[in-house]
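Single-letter residue listing:
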Amino acid sequence: MSKPTLTPDQVRDALNELTTADLYRIAGYGKFCGMPDRRQALDVVSDAIRQSLVGERRCPVGVPIKTFLRNAMRSLIWAGRKKEKLDECSLDAMVEDEGFDPASTGRDAEELLIAKEEVQSMSKELERLFADDEDAQLVLMGEFDQMSAEAIRSLGNWDLKEFATIRKRIRRTTGRAFPYGQRP
């Protein structure tokens, strides 16, 4: 049994009530989902709107259109990332015996420096947020060191339920401190 959804006409009416500022706020949510370029985020919002108007995505009755668009946008961003990972080609496979060296597709020095400063700033803010929660600090250190969940659990001798509780506490605390992915 499926839940009732809005008709395309109802979606169109709800979209007509949105202001340009609302659309920019929804696109700003793209930053939270890992899409820093607002123009690309607006493209994803446009795709979500188009899909809802043609019936590819259906907005459940009772869900505000802004919430529906944010969730559709997040879904589209993650689907795009998944597709990009599948489409990636290994640079090692492109290197030939004659010494062909492909151009670097990585970040330049300035971008790396900015990213490093952002990570340090975020790390300091997380230390401040969890100053009195040793379990959360231990989990965060493991995450920063890119340890597996099993390895982190073994550090604190937690069972699955305790570990899940700590991770929920971290998510909720960071969600309150950074409601839209904002960083200090």
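This part is about the environment of Ile152. Tracing the backbone through its elements, the reader meets Ile152 in helix α8 (residues 149-156). Judged by its relative accessible area of 0%, Ile152 falls in the buried class. Sequence spacing of Ile152 and Leu140 is 12 residues, and the spatial spacing of their C-alpha atoms is 9.1 Å.

Geometrically, a packed helix pair is captured by the angle between its two axes and the distance between the axes. It is the contact of helix α7 (residues 134-144) with α8, at a shortest axis distance of 10 Å, that shows an interaxial angle of 145 degrees. For the pair α7 and α8, the crossing hand works out as right-handed. On α8, the residues touching Leu138, Val139, Gly142 and Glu143 of α7 are Ile152, Leu155 and Gly156. Here the residues of the contact of α7 with α8 sort into 4 nonpolar, 2 polar and 1 charged.

This next bit is on unusual backbone geometry. The phi angle at Gln146 is positive, at roughly 60 degrees, despite the residue not being glycine. Within the secondary structure layout, Gln146 lies in the loop between α7 and α8. By relative accessible area, Gln146 is classed as exposed at 72%.

Attention shifts here to the side chain of Ser52. By the element assignment, Ser52 lies in helix α3 (residues 38-54). A polar side-chain atom of Ser52 sits 2.8 Å from the main-chain carbonyl oxygen of Ile49. Apart from the residues within four sequence positions on either side, Ser52 is in contact with Val11, Leu15, Arg57 and Phe68.

Leu15, Val45, Ile65, Leu69 and Met73 are the most contacted members of the largest nonpolar core, which totals 20 residues. Elements represented by at least two residues in this core include exactly α1 (8-16), α2 (20-32), α3 and α4 (65-87). Among the elements that line this core, the one with the most residues is α4, at 7 residues. If we ignore the near neighbours within four places in the chain, the residues touching Ile65 are Val11, Ala14, Leu15, Leu18 and Cys59. Membership of the second largest hydrophobic core comes to 12 residues, among which are Leu126, Val139, Trp158 and Phe178.

Conventions adopted
- Position numbers for residues start from 1 in each chain and track the written sequence from start to end.
- Per-residue local features of the predicted model are confined to residues with pLDDT of at least 70, and side-chain atom pairs are confined, for both listing and counting, to 80 or more; whole-chain, interface and lining totals are unaffected and use all residues.
- Excluding hydrogens and water, the side-chain values take into account all heavy atoms of the structure.
- A run of H or I in DSSP becomes a helix once it reaches four residues, and a run of E becomes a strand once it reaches two; helices and strands are each numbered from the N terminus.
- Burial status follows relative accessibility: with a 1.4 Å probe on protein chains alone, a residue under 20% of its type maximum counts as buried, one over 50% as exposed, and anything between as partly exposed.
- Only the stretch in contact is used when a helix axis is fitted, and all axes are lines through C-alpha atoms; the angle between N-to-C directions ranges over 0 to 180 degrees.
- Note on convention: near helix rotated counterclockwise from far helix by under a right angle means a left-handed crossing. Clockwise means right-handed.
- Note on contacts: a residue pair is in contact if any heavy atoms of the two residues lie within 4.5 Å.
- All amino acids are sorted into three groups, where Ala, Val, Leu, Ile, Met, Phe, Trp, Tyr, Cys and Pro are nonpolar, Asp, Glu, Lys and Arg are charged, and the leftover types, Gly among them, are polar.
- Polar contact is defined as a pair of N or O atoms within 3.5 Å, subject to the rule that within protein one atom must be able to donate a hydrogen and the other to accept it, and that residues adjacent in sequence are counted only when both atoms are side-chain atoms.
- What makes a nonpolar core is a set of buried Ala, Val, Leu, Ile, Met, Phe, Trp, Tyr and Cys residues whose side-chain atoms join them at distances within 4.5 Å.

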